[in-house]
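So you can see what is in the structure, the chains are spelled out below.
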Amino acid sequence: MTRRSLHPSWREAAMGGASVALAGCATAPSVLRPESAPQHTLATLGWWLIIVGSAVIVIVLAIELVTLRHRGRTVADTPLVASPGSTRGIVVGLAITAVVTLAFFIYSAVVLGATERPRGRPGAKIEIIGHQWWWEARYLGGTPDQAVATANELHIPIGVPVALQVTSADVIHSFWIPQLQGKIDVIPGIRNTFWIRADTAGTFHGQCAEFCGLQHAHMMLTVTAEDARSFQRWLAAQSAPAAAAPPSDTAAAAGGRAFMSSACALCHTVRGTGAHGILGPDLTHVASRHMLGAGAVRNTPGALNAWITDAPSLKPGADMPRIDLTPATMHAIVAYLQTLR
Ligand code: CUA
């Protein structure tokens, strides 16, 4: 945890809020467009709350208008209880309010019970660790040498629940895939159990939902939901150690050597090599990811070069430091990382 991360200026906070609002418009991962059984249940509750809440506002405003028209011009002219009929109106109003509130309390409790636990065996178990400001995901169940660790881009099988164990490495975050499930707090020192499920194939966007510092708005993740066969193929590819750079690719081979002998290997793991750092994301299959920096930039060779050269200019506050390398070495390291598919 850094001091600056806890004290972003109002301007930075406002810019972050504005950009996520615009990003939200573009991709619109709305809770009211559910793609899973639990989110359908939550969205139905949401619609009922919107409809009944709106009806209550309209009815109350209508009654106020009618009352004002019949009761003189000033509040002082209007007795609080004018007649037995008014008393009856107040009692009926209170009774309706109590019934509506109680009905929604019971309905919410039923929905909470229905979405809390999954039905059926999980198709995958994933440990999710929140960091300032990215998501680490470790697929549980494999042998240590096949431990799949990725960042910000989950893959899950469709039609089955996926069990999550959720914790944080620094401050409190909140894990949220709006179209698949509700939110779960991501708290340091506590391991919350949670589950998600997708009933249709596709890519679903998620976002940290608890203010966690300067780059809270840029702590995104995606969930790719696919059929069981595609998921198993992805998992098998991810569980393999990093392939050595092809001998014909001299730039990539030189880049691999530069990576291992530089600060890169102190912060990042590349399984099957001498890089065992744990501060930053596991890079064993970094080239298979679509984005860098939890949604900061697209994972292209140019962006990767810019990210390694000066990550703080792309994501102010990120722990990834500026790296001072010659252009040739930088080119070689980018070529090496491109081979990590
Ligand atoms: Cu992590 Cu907001």
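Attention here is on the structure that accompanies the text.

Parameters and conventions
- Residues numbered from 1 in each chain as written.
- Predicted model: local features only at pLDDT ≥ 70, side-chain atom pairs only at ≥ 80, totals over all residues.
- Heavy atoms only, no water.
- Helix = DSSP H or I, 4+ residues; strand = E, 2+ residues; numbered from the N terminus.
- Buried < 20%, exposed > 50% of the residue type's maximum accessible area, 1.4 Å probe, protein only.
- Pairing = 2+ DSSP bridges.
- Axes fitted to C-alpha atoms, helices over the stretch in contact; angles between N-to-C directions.
- Phe/Tyr/Trp six-rings, centres within 6.5 Å; stacked < 30°, edge-to-face > 60°.
- Lys NZ or Arg CZ within 6 Å of the ring centre and 35° of its normal.
- Parallel < 35°, antiparallel > 145°, perpendicular 65-115°, else oblique.
- Contact = heavy atoms within 4.5 Å.
- Nonpolar A, V, L, I, M, F, W, Y, C, P; charged D, E, K, R; others polar.
- Left-handed = near helix turned anticlockwise from the far one by under 90°.
- Expected span 1.5 Å × (residues − 1).
- Arc of directions from axis to C-beta.
- Salt bridge = Lys/Arg side-chain N within 4 Å of Asp/Glu carboxyl O.

**Topic: the overall build of the protein chain**
And then number 1: If you tally the helices and strands in the protein chain, you get nine helices and 14 strands.
And then number 2: Looking at the 341 residues of the protein chain, the share that counts as buried comes to 38%.

**Description of the sheet that holds strand 9 (residues 202-207)**
Strands pair in a sheet through their backbones, by hydrogen bonds, and they do so in one of two ways: parallel or antiparallel.
And then number 1: Pairing is mixed across the open sheet formed by three strands, whose spatial order is 4-10-9. A strand with exactly one partner marks an edge of an open sheet, and here the two such strands are strand 4 (153-157) and strand 9. Neighbour to neighbour, the strand axes of the sheet diverge by 25° on average, direction disregarded.
And then number 2: In the sheet, strand 4 pairs with strand 10 (residues 220-226) via five bridges, with the strands oriented parallel.

**As for the packing of aromatic side chains**
And then number 1: Applying the stated criterion across every chain yields a total of six aromatic pairs.
And then number 2: Ring pairing ties together the aromatic residues Tyr139, Phe231 and Trp234, which thus form one cluster.
And then number 3: Lysine 183 extends its terminal NZ or CZ atom over the ring of tryptophan 176, reaching a point 4.5 Å from the ring centre.

**Structural notes on the packing of helix 6 (residues 250-261) against helix 9 (residues 327-338)**
And then number 1: Running from N to C, helix 6 and helix 9 cross one another at 100°; their axes reach a closest spacing of 7 Å. Relative to helix 9, the element helix 6 lies roughly perpendicular. Counting all contacts with helix 6, which are made through Ala251, Ala252, Ala254, Gly255, Gly256, Ala258, Phe259 and Met260, the residues of helix 9 involved are Thr329, Ala332, Ile333, Ala335, Tyr336 and Leu337.
And then number 2: Among the residues forming the contact of helix 6 with helix 9, the class breakdown is 11 nonpolar, three polar and no charged.

**As for the sheet that holds strand 2 (residues 134-139)**
And then number 1: If you trace the five strands from one edge of the open sheet to the other, you get 3-2-1-5-8, paired in mixed fashion. Among the strands making up the open sheet, the edge pair consists of strand 3 (148-151) and strand 8 (192-197). Across the sheet, the axes of successive neighbouring strands diverge by a mean angle of 25°, strand direction being ignored.
And then number 2: As judged from the six bridges shared by strand 1 (residues 124-131) and strand 2, these two strands associate in the antiparallel manner.

**Regarding the packing of helix 3 (residues 37-70) against helix 4 (residues 84-116)**
And then number 1: Put simply, helix 3 and helix 4 touch, their axes get as near as 9 Å, and they point 170° apart. Regarding the angle of helix 3 to helix 4, the classification is roughly antiparallel. The chirality of how helix 3 crosses helix 4 is left-handed. When helix 3 is examined against helix 4, the residues Pro38, Thr41, Leu42, Thr44, Leu45, Trp48, Leu49 and Val52 are found in contact with a partner set consisting of Val100, Phe104, Tyr107, Ser108, Val111 and Thr115.

**Here's the deal with the pairing of strand 5 (residues 161-168)**
And then number 1: By the criterion of burial, strand 5 is predominantly enclosed, with six of the eight residues buried.
And then number 2: With seven bridges joining them, strand 1 and strand 5 adopt parallel strand pairing. Within strand 5, the position partnered with lysine 125 by the bridge is alanine 163.

**Some remarks on unusual backbone geometry**
And then number 1: Of note, the bond from glutamine 132 into tryptophan 133 is cis; its omega dihedral lies within 30 degrees of zero at 0°.
And then number 2: Tracing the sequence through the fold places tryptophan 133 in the loop between strand 1 and strand 2.
And then number 3: In this structure, asparagine 152 is a non-glycine residue whose phi angle is positive, near 65°.

**A closer look at the side chain of glutamine 39**
And then number 1: Mapped onto the secondary structure, glutamine 39 falls in helix 3.
And then number 2: In this structure, glutamine 39 is in contact with Val31, Pro34, Pro178, Gln179, Leu180, Gln181 and Gly182, ignoring residues within four places of it in sequence.

**Quick notes on helix 6**
And then number 1: Between its first and last C-alpha atoms helix 6 spans 17 Å; for 12 residues at 1.5 Å apiece the expected length is 16 Å, and the two agree.
And then number 2: Buried residues of helix 6: Ala252, Gly255, Gly256, Ala258 and Phe259, and no others. The buried residues of helix 6 all sit within an arc of 170° when viewed along its axis, so they share a single face. Facing away from the buried side of helix 6, by more than 90 degrees, are the exposed residues Thr250, Arg257 and Ser261.
And then number 3: Here the buried face of helix 6 lies against helix 7 (264-267), strand 11 (269-270), strand 12 (275-276) and helix 9.

**Some details on the pattern of salt bridges**
And then number 1: All chains considered together, the criterion is met by four salt bridges.
And then number 2: The residue glutamate 136 makes a salt bridge to arginine 138 at a minimum N-O spacing of 2.6 Å.
And then number 3: Arginine 138 sits in the partly exposed class, given a relative accessible area of 28%.
And then number 4: Arginine 197 is the partner of aspartate 199 in a salt bridge, and the nearest nitrogen-oxygen pair spans 2.7 Å.

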